[in-house]
Amino acid sequence: MIGTNYLFVLFLLIPLAVVQAQHCVWYGQCGKIPPRNRIKYNCNYTGPPKPLLSEGIALHSEAEDAKAILKKLCPGYDYGERRLCCDVAQLRSLESNLAVLHMVVGRCPACMFNMMNMFCELTCSPQQSQFMNATKFTPDLDKTNVVEVQYYIGQTFANALFDSCKDVHLLDVKAMDTLCPGVKDCRPIDMLQFMFTGSYAPFPIHPILSDVPVSGFNPMNNKTFTCAEHLEDGLGPCSCQDCPDVCPKPVIPDLPPPWTMFGIDAMFVIMYISYVAFLFIFIATVLGAWWYRRRTSECGATLDSNNPLSLKNDNPDQVASRWEMLGERFENAMRLCFTAWGSFCVRRPLLVTLTTLVMVAAALSGLVHMHITTDPVELWSPPNSRARLEKDFFDSHFGPFFRIEHLIITTPLDSTFIHKPREGPDVPFGAIFDKSILQQVLNLQLEIEGLVAGYGGQNVTLKDICMSPLAPYNDNCAIFSVFNYFQNNPAKLLDGFHHTFLECTTNPLGCLGTYGGPVFPNLALGGYDGQNYNNATALVIMFPVNNYHNDTVKLGKAKAWEKEFIRFMKSYSNPNLNVAFNAERSIEDEIDRQSHSDISTIALSNGIMLMYISLALGHIHSLRRLLVDSKISLAIAGVLIVLISVACSLGIFSYAGVPLTLIIIEVIPFLVLTVGVDNIFILVQAYQRDERREQEELHQQIGRIFGDVAPTMLLCSLSETVVFFLGSMSNIPAVRTFSMFSGLAIFVNLLMQISCFISLLGLDVRRHEENRLDIICCVKLPEDQGEKTDGFLSRFFKKKYAPFLLGEWVRPIVVAVFVGLTFFSIAVVNKVEIGMDQKLAVPDDSHVLQYFNNLSMYLHAGPPVYFVVEEGLNYSSVEAQNTVCGGVGCNNNSLVLQIHSSSRISDYTAIASTPVSWIDDYLDWVTSPCCKYFTSTDAFCSSSVPNRDECVKCLESTARKIRPEGEDFMRFLPMFLSDIPTEKCPKGGSALYSTAVDLHPNNTGIGATHFMAYHTILKDSPDFIHALRMARALADNMTQAVGHNVFPYSVFYVFYEQYLTMAQDTAASLCVSLLAIFVVSVVLLGFELLAAVLVTLTITMILLNMVGVMWLWGISLNAVSLVNLVMSCGISVEFCSHIVRAFSQSMKSTRVERAEEALAGMGTSVFTGITIAKFGGILVLAMSKSKIFQIFYFRMYLAIVLLGATHGLVFLPVLLSYVGPSMNKAKRLAANRRRTGSTAPDTELAITAGESV
């Protein structure tokens, strides 16, 4: 117990008969008390009080010293001749013992005054005989020792004393835990009995509480002060931290009520009303147009039956505008250029292919510099973000937060037993506290302590890397477990475990572990209620391991030992124990393992898509011609081009030193394959539908086809490239690098498709025309070309699907359904949860998953939070001290008191505890006998020095507590930070504060400092995000109060900071992407402004529906889902732009006919090239063991494909049939000229240009 053996050397002497007032019961000191032999009994004396200075004072200086002690400790007796029942020796013993008590409760003046009052009356009162009774004596030479007494204390006094002290803090616990150990609900009598009769009391002093006379004794009932009162000497009340009565009542801001209308969520109501209004206007418009058509028809007008419901009519006789002419000329220029280039690639396949391979080789050589990062901090926290900068500041000034190896142990046994303590009611204990189970858990702990790992040819043990806060004086590892209550000694475990357990859990500071510090029960136990630690169902063992800032060798040793720890725990088996464990490196290891295990899933997914592409590209006429009509080799080449494009992107950025992430390797091939396959299908199917013209050579035909389809390929790929490059402006590193690599991969893929793939297509067509087998080109079948017919899907789209979809009454239904889904999605946009459950980051079979489950089930301690005061505050001035400290005289809005006030409303602030304050403990320490120095050297004289009589006190404490200022503050602070806490000096700062204060070189000043508290228990992303937000709000208030910058730091802030602005960042990223798509579409659609608007509108609807699916399917918004949303924005271009461009190129007379032609022509390519191609690969992802793959890839990819396909193949054609752009008159004129051959010179010019390249 902290110093309690020094608190009770207070001696009584009283005759058995009742004595008169002014009689003593003792005077002076006699024999030594065994076994200590450092403390003496008081001498029996029944005479009147004696003047303090009547004898034994030889020097004037000693007399003045005695008077000063009396005035400081017992000012009520400092008058007249000072007739007392104690001599100077007793008074000095009282001073020494009260100095230790001052370390425990001295923060609160009222509590300390009441305590001194009680002990002064006990030791020196001239009226001792009225309230003290000596009941047992022993002889000592010619004198008699008093060895047992009764002390009659007023119940009112005892209650007031207890109330004034019950909330005083000692370090990060209540001082009452030390003064009343082992008692759950401490009462005044419990506190007094422990102080007077406990195992650390020098001899029994029996307190008897009563407000009325008992057996002729009048109980001592002196005046007391409450913790909220000023003392008579003017000293202020206790601080808010130690006295709730002086605290202003914390006000919890009223949370905004849910936004409702008519008792229903307001967004749902608003969107419902908006949808109903839209339906009314839309249906009225449709019916009006239908009525107008019928009336016009009755008047004899001739109208196309497909045209009437179009909301705008095309007039082909209008003259083309300059804007239309500009668009037509731009498209014609693109067509001519691409025609020439396509012709050249077909005629010069070897040159094009070799040139491409050389450039690819140059790009791929960058892969030798490839670096993959799996560090979660590097992945998700921007280097220049506030949380990252604050983490770097903390690490550089105080050292990085230690690494944690954690075990949570339960037992499948279901038994309870009753412990019968020496006093008080029986206490039930659960199965986890069975001695046999405890022994097995201790053996496990000892085995872990003995693990040896290898690193760099050296053995690494736990002692080499563990946190030892008192090193080098005590190099034992800090291990937080209940076994440290017994110094991890199996022999002590079997001797009175449950009694010691109850005592230590209520007074952790009295049961120091082998490392020299306490083990708080909320760190070592789990599954209990309130403070009923005996009801715990789990034992928790934590091994803190040193983390190292910029020291790769030491960090490597720590990781090597952790690897051995994980190996050992995976192989550990005990039928009586369920052990969940986690090492600091576990999550990173599991993510890496998951990524490697998912390679097979990704490979299978891509393999299924490759198989489908190989079969779907070919236009097979008969089984006999299967290997002739199939395009397996071309499909393989197309997929290889996609993979090479991804590899080139990796190589180019590796040249630039940009690290790769696993999300790039896993996602980008899927993305580029989506884009690349669609282009392949469009190009190949365009050739399959085309008929070679008379006198047209193969290179001319493919060049002409390429000139027609290349602009739409360019439109989609360039839009996606720009979208992803703009996405690289994101602050989140994983999103930024993904966008950079994706954008470049898609662009490289486009370049290779419009060059190398065109050449390969020409070669494959020649093979097909020569009736050579696919893959086995040397085998040739007899001449049998077969008829060129449309495929089943092409006929289905043209004959069945397109006419049905664009039917007169189907179109309104389609619009109503899709607009309704959009309004619903808008209503739930603000309801999508932000964050990511950390359990999703690991595979289903990971040991970490069980640990996370147990953590949320049993955890009773939140993560620590440090409030860091940056360098520059002048702590040497009292004014600056008052802005941060939490004791008497400190500002009401000081840093420490703000944390304390926040802890009183922890449900709102997520701050669970009062802070551990180095400055408050320093101010208490520096005025106590713990702070002494050698006069000869000015060196620190610690409490462990044998002869401290040669040392002098740093500052002489008084009732008003002198604070160190100026040079004295810096003179004694290094001593405090080096002082090892002991029973005499529990506030020595070596263990708790050696890294909390960043001293300047040679101790010339103070840099940054921190004050540690704890968050409440945080279980899911909303909890962590709220804790971060509230800590920053609190730090902002501290900054204003202190007048100096203060920021909070906890290890999880770097991961959860992104979620503070995730919604805004997502909206900004998607808006920028949509703007980019709009701009690119305007240009590449031939300056068709309305067409670009419709593309952008449809993609916006897809994105909104994606958010709706996320809400319905329980997909949270985080960096991974943001990547997928950006990707869905790019993929949606594929579903929409091809249809819109085909619509703008159509020469049909009405919008319905143009929409039908666009859907029949491009619908097949979109359906087969994107939708079907992805389905097989996506379904494979559902089999992954990774929750991230199942939720964020399978679910979101499936939603992307389904929403993209339905909007592109269902909604968009209907939308175009209503409000599609009018036909470009210049394009119609140019098309007519080409059909009639009037533009033949232009075509010949393009081909000739191609031949001359």
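Residues numbered from 1 in each chain as written. Predicted model: local features only at pLDDT ≥ 70, side-chain atom pairs only at ≥ 80, totals over all residues. Heavy atoms only, no water.

### Overview of the side chain of S917
Relative to the helices and strands, S917 is located in the loop between α31 (906-909) and α32 (918-926). Taking the relative accessible area as the measure of exposure, S917 reaches 6% and is therefore buried. (Helix = DSSP H or I, 4+ residues; strand = E, 2+ residues; numbered from the N terminus. Buried < 20%, exposed > 50% of the residue type's maximum accessible area, 1.4 Å probe, protein only.)

### A short note on the sheet that holds strand β24 (residues 1006-1014)
Spatially, β23-β24-β20-β25 is the arrangement adopted by the four strands of the open sheet, whose pairing is antiparallel. Sheet topology places β23 (997-999) and β25 (1046-1049) at the edges, where each strand pairs with a single neighbour. Neighbouring strand axes in the sheet, compared pairwise and without regard to direction, differ in orientation by 20 degrees on average. With four bridges joining them, strand β20 (residues 864-869) and β25 adopt antiparallel strand pairing. When the sheet's bridge partners are listed, V868 is paired in β25 with F1047. α32 rests against β23 and β24 of the sheet, and its axis sits at about 105 degrees to β24. (Pairing = 2+ DSSP bridges. Axes fitted to C-alpha atoms, helices over the stretch in contact; angles between N-to-C directions. Contact = heavy atoms within 4.5 Å.)

### Digging into the pairing of β24
Across a regular strand the side chains alternate sides, sitting on one face of the sheet and then on the other. Of all nine residues in β24, eight are buried, a share of seventy percent or more. Pairing between β20 and β24: six bridges, direction antiparallel. In the strand pairing of β24, P864 is matched with Y1014. The antiparallel pairing of β23 with β24 creates a hairpin that spans six residues between the two strands, and N1002 there sits at a positive phi of about 60 degrees.

### Focus: the pairing of strand β9 (residues 205-209)
With burial as the criterion, only one face of β9 is covered, namely that bearing I205, P207 and L209; the residues H206 and I208 on the opposite face remain uncovered. Where strand β6 (residues 143-153) and β9 come together, five bridges link them in parallel fashion. Residue Y152 lies in a different strand from β9, and its bridge partner there is I208.

### A look at a nonpolar patch on the surface
Residues Y272, I273 and V276 make up a contiguous nonpolar surface patch of about 320 Å² in total accessible area. In this structure, I273 sits in helix α8 (residues 266-298). (Patch = residues over 30% accessible without salt bridge, like charges linked within 9 Å, V, L, I, M, F, W, Y side chains within 5 Å. Areas by Shrake-Rupley, 256 points an atom, 1.4 Å probe, with all protein chains shown as cover. Salt bridge = Lys/Arg side-chain N within 4 Å of Asp/Glu carboxyl O.)

### Here's the deal with the sheet that holds strand β18 (residues 538-545)
What the four strands build is an open sheet, ordered β17-β18-β12-β19; its pairing is antiparallel. Each edge of the open sheet is held by one strand with a lone partner, namely β17 (525-526) and β19 (578-582). Bridge count for β17 against β18 is two bridges, and the pairing is antiparallel. Each residue of the ladder has a partner; that of G526, found in β18, is A538. Where helix α18 (residues 552-571) meets the sheet, it contacts β12 (403-410), β18 and β19, and its direction lies at approximately 15 degrees from that of β12.

### Description of the state of the cysteines
Note on terminology: a disulfide is the covalent bond linking the sulfur atoms of two cysteines. In the structure shown here, the tally under the stated rule is 15 disulfides. The disulfide bridge from C885 ends at C890, spanning 1.8 Å between sulfur atoms. Disulfide C885 to C890: torsion about the S-S bond roughly -115 degrees, handedness left-handed. A relative accessible area of 9% places C890 in the buried class. Here C1071 is not cross-linked by a disulfide; its sulfur's nearest cysteine counterpart is in C1129, at 9.7 Å. (Disulfide = S-S within 2.5 Å.)

### A few points about the environment of M752
The residue M752 is located in helix α24 (residues 733-753) in this model. Classification of M752 by relative accessible area gives buried; the value is 6%. Along the sequence, M752 and N574 sit 178 residues apart, while their C-alpha atoms lie 59 Å from each other.

### Considering helix α25 (residues 756-769)
Residues lying three or four places apart along an α-helix face the same way, a consequence of the helix completing one turn every 3.6 residues. Compared with the 20 Å implied by 1.5 Å per residue over 14 residues, the 20 Å span of α25 between its first and last C-alpha is a close match. Of all the 14 residues making up α25, 10 are buried; the element is thus mostly covered by neighbouring parts of the structure. Listed in full, the buried residues belonging to α25 are C756, F757, I758, S759, L761, G762, D764, V765, R767 and H768. Backbone geometry just downstream of α25 places N771 in the positive-phi region, at approximately 60 degrees. (Expected span 1.5 Å × (residues − 1).)

### Concerning helix α41 (residues 1187-1219)
Taking the largest bend as the criterion, α41 deviates by roughly 35 degrees, centred on F1211, and proline P1213 comes between one and four positions later. Burial analysis of α41 places 28 of its 33 residues in the buried class, the great majority of the element. (Bend = angle between axes of the 7 residues up to and from the residue.)

### With respect to the confidence of the model for the chain
For the chain, per-residue confidence averages 84 on the pLDDT scale, and 90% of positions sit at 70 or higher. The spread of mean pLDDT over the elements of the chain runs between helix α43 (residues 1240-1252), the lowest at 38, and β25, the highest at 96. Note on residues 1238-1253: pLDDT is under 50 here. Beyond four places in sequence and across chains, it has 17 contacts. (pLDDT = per-residue confidence, 0-100.)

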